Amino acid sequence: PLNFGIRWGQQFDGARRTTLHDIIGYDASGTYAIRIRYGTPDLASFTLEKYDSKFMPVLSRDLEIKENRELARIEHVLYINKKLHIFYMLRNRNTHKYELFVREVNKETLIPEDLTVKLGEADERLLTSAVSFKVRTSRDSSKVVVSYEFPKGLSETKSYGFIVLDDNLRLIWRPKITI
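One structure accompanies this document, and this report is about it.

Reading the values: the criteria
Within every chain, residues take consecutive numbers counted from 1 along the sequence as written. Local features are withheld for residues below a pLDDT of 70 in this predicted model, meaning they are given only at 70 or higher, and side-chain atom pairs are given and counted only at 80 or more; totals for whole chains, interfaces and linings count all residues. For side-chain calculations, the full set of non-hydrogen atoms in the structure is used, while hydrogens and water are omitted. Runs of H or I in DSSP of at least four residues are treated as helices and runs of E of at least two as strands, each being numbered from the N terminus. Each residue's exposure class comes from its accessible area (1.4 Å probe, protein chains only) as a fraction of the maximum for that residue type: buried when under 20%, exposed when over 50%, partly exposed otherwise. The contact definition used throughout considers only heavy atoms, calling two residues in contact when any of these lie within 4.5 Å. Only Phe, Tyr and Trp rings are paired, with Trp represented by its six-membered ring, and only when their centres lie within 6.5 Å; those with planes under 30 degrees apart are stacked, over 60 edge-to-face, the remainder tilted. Buried Ala, Val, Leu, Ile, Met, Phe, Trp, Tyr and Cys residues that are joined via side-chain atoms within 4.5 Å together make up what is termed a nonpolar core.

### Description of the overall build of the protein
In step 1: Looking only at helices and strands, one finds zero helices and 15 strands in the protein.
In step 2: For the protein, buried positions account for 37% of its 179 residues.
In step 3: In the protein, 28% of the contacts between residues at least 6 apart in sequence involve partners at least 24 apart.

Written out as structure tokens, the structure reads:
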């Protein structure tokens, strides 16, 4: 018989309207997870959590990014190259566009670093709740692709895009496809 050596940790309580959404990654310093809190004005809020090797909570931080009095919409949190990165959308009132950014997150404090990398932008009229962003890594974690789609009416064209980054999140390729 196979013995997997499953260890159960202590049970801990969470708020009623929250759920553990995803395990982002782990290393010697801890395991990183996302918790979703439902029933907030923006429908869902995200909390980044750090656990120790026994999966006991070490640190918890609400993921809120605010720039120029605009609250960002969190799209994805990625663990690659032993680093945490947060992808988010922010509305630029001057250009009437939504801009996609990425920032590294400090693993000790769970606070986003100051350095911001702009990945792309979308016309405000095209951005609806139906816009889908997907962040994926290659099998060897050497590349990151951010794909997105701007759906339109049945008779109109659709716009797709891909942003390909290396493992340090530097731009490699950015094609745009209209069908």
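Still to come is the rest of the account.
### Structural notes on the packing of aromatic side chains
In step 1: A full pass over the atoms with the stated rule returns three aromatic pairs.
In step 2: Geometrically, the ring pair formed by Tyr51 and Phe55 is stacked, given 4.2 Å between the ring centres and 10° between the ring planes.
In step 3: Looking at Phe55, the relative accessible area reads 30%, which means it is partly exposed.
In step 4: A centroid spacing of 5.6 Å and a plane angle of 25° characterise the contact between Tyr88 and Phe101, whose relative ring orientation is stacked. One end of the pair, Tyr88, is in strand β8 (residues 83-92); the other, Phe101, is in strand β9 (residues 97-105), and 13 residues separate them in sequence.

### What about the nonpolar core?
In step 1: Of all hydrophobic cores here, the largest spans 18 residues; its most connected members are Ile24, Leu48, Leu84 and Ile86.
In step 2: Elements with a contribution of two residues or more to this core: β2 (30-38), β7 (73-80), β8 and β9.
In step 3: Here this core takes four residues from β8, the largest share from any one element.
In step 4: In this structure, Ile86 is in contact with Leu63, Ile65, Ile74, His76, Val77, Phe101, Val102, Arg103 and Val105, ignoring residues within four places of it in sequence.
In step 5: Counting 15 residues, the second-largest nonpolar core is a separate cluster that includes Leu100, Val102, Leu119 and Val146.

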